[in-house]
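Breakdown of the fold
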Amino acid sequence: MHQLALALYRQGYKVTGSDDEINDPAKTNLANAGLLPEKEGWFPGRITPGLDAIVLGMHAKADNPELLEAQKLGIPIYSFPEYVYKVSKDKNRVVIAGSHGKTTITSMVMHILLHNWVKFDYLVGAKVTGFDQSVQLSDAPTIVLEGDEYPASVVEKRPKIFFYHPHISVLSGIAWDHINVFPTYENYLSQFEHYLQNMEAGAKLFYNNEDEEVRKVVASSATHLAAVPYNMPAFHYDDGEAVLDTEFGPIKMAVFGRHNLLNLQAAIAVCMELGIDKHVCYQSITNFTGAAKRLEKLFETDKIVAYRDFAHAPSKLKATLDAVREAYPDRQLIACFELHTYSSLSAEFLSEYAHSMDAADDAVVYFSHHALELKRLPKLETETVRQHFGKEDLIVIDEKTQLQEKVKELLRIAKKPVCLLLMSSGTFDGIDWNNVSSQ
């Protein structure tokens, strides 16, 4: 939302906004642009007939006093995706959809287009090297959108991806998530069926042929589309670095992991559809280092290499662990995972994580009772978590200081060089991992 505000401000619009809590990086970014509200909170007096439009964020509640005032005055109200479509309806729209890999594929497409001087707009859910912001709106003829299946707003509860109406789309994978919105897997799956069914006839769809659920959905719901599968490329590892075995010869990559190399195939397919030669795509992507918090290297010493990753759903967790295990077969893999999302902290969903951390030599799962309180979820017992993950030697911790001490101990007693993998959509309650690893 704050990135959309900045994008509109750069276009010359007069932009104001409200929120009940504003944290960094949004707070600093808005302050630097002169857009930070004087006070946090909701003030219906700010909503006047002179406003052209309201853009409603997904976390605003139905009884929000500013929303109620806007409805009372009859001011046009758009959800985030509705507004993005409004300003991009004359563009060639590319939408990256799926349960996982969206941010990485979107970032890869952006990287290739940037390196080939293609003019385009974009919306992506992470900081990407080479780009100053995560939302760009201009007069560019093409827009690349990360398509989220989460509801658009409290007023418009359909998934965000329903509103973008793509000419080109990717379906990267399907694995149950967001159980607070989609209480059953069948309900979650149906969102992707509806998404494909509502795409314009003849639109191009690139889909992950390695994912059985994706294949089923494409077979049932994409018969009117120009559907093209993509598969895992041939590759090998050379001293921890992934090397693609292509028709143009070996191409060394800066990213690694089967899931990332599969994501790359989707990104190249999109860019080729946008007119870029395949060989040029490969040449352009070799120095792509990933989006922020997507297998992002934190630091490296002679004894430890540490990565952090946004992994939070079971499929993402397993893919990330498998990638690191394959890239660093001779290192001791210490993996720390924070239960942070509503789904991951819900006892009824925990069984989905069974055996997702088996690839780790030392596996630690952390959760905080404060996070449970914020999401209004019942108490969770460490033993319950351990049983659901199905790993006998799993370490489950619910106190920040104990987590720090346990990781220090594991690093101290490690008998060979370590790969430390930190996975969370949160922050592990603000732990400074550089400090932990140096002691």
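Reading the values: the criteria
Residues numbered from 1 in each chain as written. Predicted model: local features only at pLDDT ≥ 70, side-chain atom pairs only at ≥ 80, totals over all residues. Heavy atoms only, no water. 1 Å grid on protein atoms, 1.4 Å probe; cavity = no way out; pocket = protein on both sides within 12 Å on 5 of 7 lines; lining within 4 Å. Points joined across faces, edges and corners; volume = space filled by probe spheres on them. Helix = DSSP H or I, 4+ residues; strand = E, 2+ residues; numbered from the N terminus. Buried < 20%, exposed > 50% of the residue type's maximum accessible area, 1.4 Å probe, protein only. Contact = heavy atoms within 4.5 Å. Pairing = 2+ DSSP bridges. Axes fitted to C-alpha atoms, helices over the stretch in contact; angles between N-to-C directions. Phe/Tyr/Trp six-rings, centres within 6.5 Å; stacked < 30°, edge-to-face > 60°.

What follows deals with the layout of surface pockets. Approximately 300 Å³ is the volume found for the second largest pocket. Taken together, 18 residues line the second largest pocket, and the ones lying closest to its centre are A254, F256, K297, Y307 and Y328. Of all the elements in the fold, those that place two or more residues in the lining of the second largest pocket are β11 (241-246) and β13 (296-300). For the lining of the second largest pocket, the leading source of residues is β13, giving three residues.

All right, on to the side chain of Q3 then. Turning to its location among the elements, Q3 is positioned in helix α1 (residues 2-10). In this structure Q3 comes out as buried when scored by relative accessible area, which is 13%. With residues up to four places along the chain from it excluded, the contact list for Q3 reads N29, Q133, S134 and V135.

What follows concerns the sheet that holds strand β12 (residues 249-252). Working definition: the strands of a sheet are paired by backbone hydrogen bonds and lie parallel or antiparallel to each other. Spatially, the three strands line up as an open sheet ordered β10-β11-β12, and their pairing is antiparallel. The open sheet has two edge strands, β10 (235-238) and β12, and neither has a second partner. Adjacent strand axes in the sheet meet at a mean angle of 30°, parallel and antiparallel pairs treated alike. Where β11 and β12 come together, four bridges link them in antiparallel fashion. Bridged to T246 within β12 is G249.

To continue, consider the packing of aromatic side chains. For the coordinates displayed, the defined rule picks out 16 aromatic pairs. With a centroid separation of 6.2 Å and an interplanar angle of 70°, the aromatic rings of F120 and F131 are classed as edge-to-face. Within this pair, whereas F120 is found in the loop between α5 (102-115) and β4 (121-123), its partner F131 is found in the loop between β4 and β5 (135-136), the two being separated by 11 residues in sequence. F131 matches F120 in its accessibility class, with the two residues each being buried.

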